Amino acid sequence: MLRFRPAIERIDGYVPGEQPQDTGWTKLNTNENPYPPSPRVVAAIEEAARGRMNVYPDPLGRKFCQAAASLFGLDPDWILPANGSDENLTIIVRSFADADDLVTFPYPSYILYETLADIQGARHERLLLNDDWSWDFDRIRSTVEQSRIVFVPNPNSPSGNSWSHDTIAQLVPPNGVLVLDEAYGDFPDEPHRAQILQRESGSRIIITRTLSKSYSLAGLRFGFAIAHPDVITGMRKVKDSYNCDTLALAAATAAIEDQDWMLANAAKIRTTRARLTSELRSLGFNAVDSDANFVWTTHPDRSHRELYEALKTRKILVRLMTFPGVLGGGTLDGLRITVGTDAETDRFLEALREIVA
Ligand SMILES: *Cc1c(COP(=O)(O)O)cnc(C)c1O
């Protein structure tokens, strides 16, 4: 029997959300944007496809770097494009974590960080959050100080809350790097614009962004990191030479140059998010105030699995999430609901109303 590395034999692997390939679903489970990408993106893909597909793409994606850098008020050598933000997370783990190094992340949070540390064979530890999603710094400080990599999604998933820059600044490890995963950074009332890099010294913070959520391009696979040029230079040694293809680079550049389109969609999502949150509460659910394009909700006495199944029977997919071993030793479970269009949200709320009646 062929054996994998022990680190791989030990793990189950990351399980992504369900992606049904048939139609007819109201899909509110993996935080995709319900609105289409900018028409300029489609035009850019068509133009690139008619161009020089026989030659390799620019290995540094310089045109994209320029477009992203000008949005954030930085020089282009602060940007590293990747085949999805998840690829940059992988590059970061491969760049910084040896077997004895400690990788940490808040919990409950994005589960992939733990999987990436496992694949790398690095040590990892969860930084347990309080049940109101705040940090207990007295308890975690020494763990943060020993970390090589601290991953922090801001806004967090599954909760959707943001932490202030004063809080974030306390999570920079003295001998490592803080990775601020801003997958949802365009959805707060004030979009995050790498302000923390300007405020802090910057070279111990890497910001990661994705075009999957706010730019409606989950199907494209494109993300980018923002970090000090010395950090970007090191990460380039680790990435595949041609990690971003010609079509993706053209599309991503067009997408980021059409800020009006992205911001208009984000504004619609914020409006629907407020309505979804208040309707959930009026149905007797707890719902965390969200800065992202999803809402974390729990019901004081209903089974979340039964709610999830009953919705699924009605072809409505939400994310049932279970987090064993939260602070205090119990298990947290609940439903993470992506903010869809108003029509999708109405369909979801109507079904939920029926189910809990
Ligand atoms: C969606 C998501 C990502 C992944 O983004 P991709 O660019 O699609 O790989 C990374 N981090 C968090 C917290 C996410 O929710």
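The structure this text deals with has already been given above.
Reading the values: rules and limits
Residues numbered from 1 in each chain as written. Predicted model: local features only at pLDDT ≥ 70, side-chain atom pairs only at ≥ 80, totals over all residues. Heavy atoms only, no water. Helix = DSSP H or I, 4+ residues; strand = E, 2+ residues; numbered from the N terminus. Buried < 20%, exposed > 50% of the residue type's maximum accessible area, 1.4 Å probe, protein only. Contact = heavy atoms within 4.5 Å. Axes fitted to C-alpha atoms, helices over the stretch in contact; angles between N-to-C directions. Parallel < 35°, antiparallel > 145°, perpendicular 65-115°, else oblique. Near = heavy atom within 4 Å. Polar contact = N/O pair within 3.5 Å; in protein donor to acceptor, adjacent residues only side chain to side chain. Areas by Shrake-Rupley, 256 points an atom, 1.4 Å probe, with all protein chains shown as cover. 1 Å grid on protein atoms, 1.4 Å probe; cavity = no way out; pocket = protein on both sides within 12 Å on 5 of 7 lines; lining within 4 Å. Sits in = over half its atoms within 2 Å of the grid points. Nonpolar A, V, L, I, M, F, W, Y, C, P; charged D, E, K, R; others polar. Pairing = 2+ DSSP bridges. Points joined across faces, edges and corners; volume = space filled by probe spheres on them. Domains from an automatic or database assignment.

1. Focus: the side chain of H304
Piece 1. Here H304 shows up in helix α12 (residues 304-313).
Piece 2. On the basis of relative accessible area, H304 is assigned to the buried category, the value being 7%.
Piece 3. Those residues within four positions of H304 in sequence are excluded, and the remaining contacts are T298, H299, L320, D333, G334 and L335.

2. Digging into the packing of helix α11 (residues 259-282) against helix α13 (residues 342-356)
Piece 1. One way to put it is that α11 packs onto α13 with a least axis distance of 11 Å and a crossing angle of 5°. Overall, the two elements α11 and α13 adopt an arrangement that is roughly parallel. Taking contact as the criterion, the partners of T272, R275, L276, E279 and L280 in α11 are, on α13, D342, T345, D346, F348, L349, L352 and R353.

3. Description of the site of the ligand
Piece 1. The environment of the ligand is formed by G84, S85, D86, Y110, D181, A183, Y184, T210, S212, K213 and R221.
Piece 2. Contact distances for the ligand include 2.6 Å between a nitrogen atom and a side-chain N or O atom of D181.
Piece 3. One of the side-chain N or O atoms of Y184 is found 2.6 Å from an oxygen atom in the ligand.
Piece 4. Summarising the interface, the protein chains cover 93% of the accessible area of the ligand, which totals 390 Å² for the free molecule.
Piece 5. At a threshold of 2 Å from the grid points, most atoms of the ligand map onto the largest pocket.
Piece 6. Its residues assigned to classes, the shell around the ligand shows three nonpolar, four polar and four charged.

4. Comments concerning the sheet that holds strand β3 (residues 102-107)
Piece 1. Strand order in this open sheet of seven strands is β2-β8-β7-β6-β5-β3-β4, and the pairing throughout is mixed. Among the strands making up the open sheet, the edge pair consists of β2 (79-82) and β4 (123-128). When the angles between neighbouring strand axes are averaged without regard to direction, this sheet yields 20°.
Piece 2. Pairing of β2 with strand β8 (residues 223-226), which is carried by four bridges, proceeds in the antiparallel orientation. Considered in β8, the bridge of A82 is made with G223.

5. Some remarks on the layout of surface pockets
Piece 1. The computed volume of the largest pocket comes to approximately 1200 Å³.
Piece 2. Lining the largest pocket we find 48 residues, and of these Y14, P16, G17, Y110 and R319 sit closest to its centre.
Piece 3. Mapped by element, the contributors of at least two residues to the lining of the largest pocket are α4 (85-96), α5 (112-120) and β11 (316-324).
Piece 4. Here the lining of the largest pocket gets seven residues from one element, more than from any other, and that element is β11.
Piece 5. Taken together, the residues of the lining of the largest pocket sort by class into 20 nonpolar, 15 polar and 13 charged.
Piece 6. Looking at the lining of the largest pocket, you find at least three residues from each of domain 1 (16-36 + 260-356) and domain 2 (39-258).
Piece 7. Put simply, the second largest pocket is a space of about 460 Å³.
Piece 8. Around the second largest pocket, the lining comprises 21 residues; the ones closest to its centre are A48, K63, T246, L249 and A250.
Piece 9. Broken down by secondary-structure element, the contributors of at least two residues to the lining of the second largest pocket are α2 (39-49), α3 (62-72) and α10 (246-257).
Piece 10. Top element by residues in the lining of the second largest pocket is α10. It accounts for six residues.

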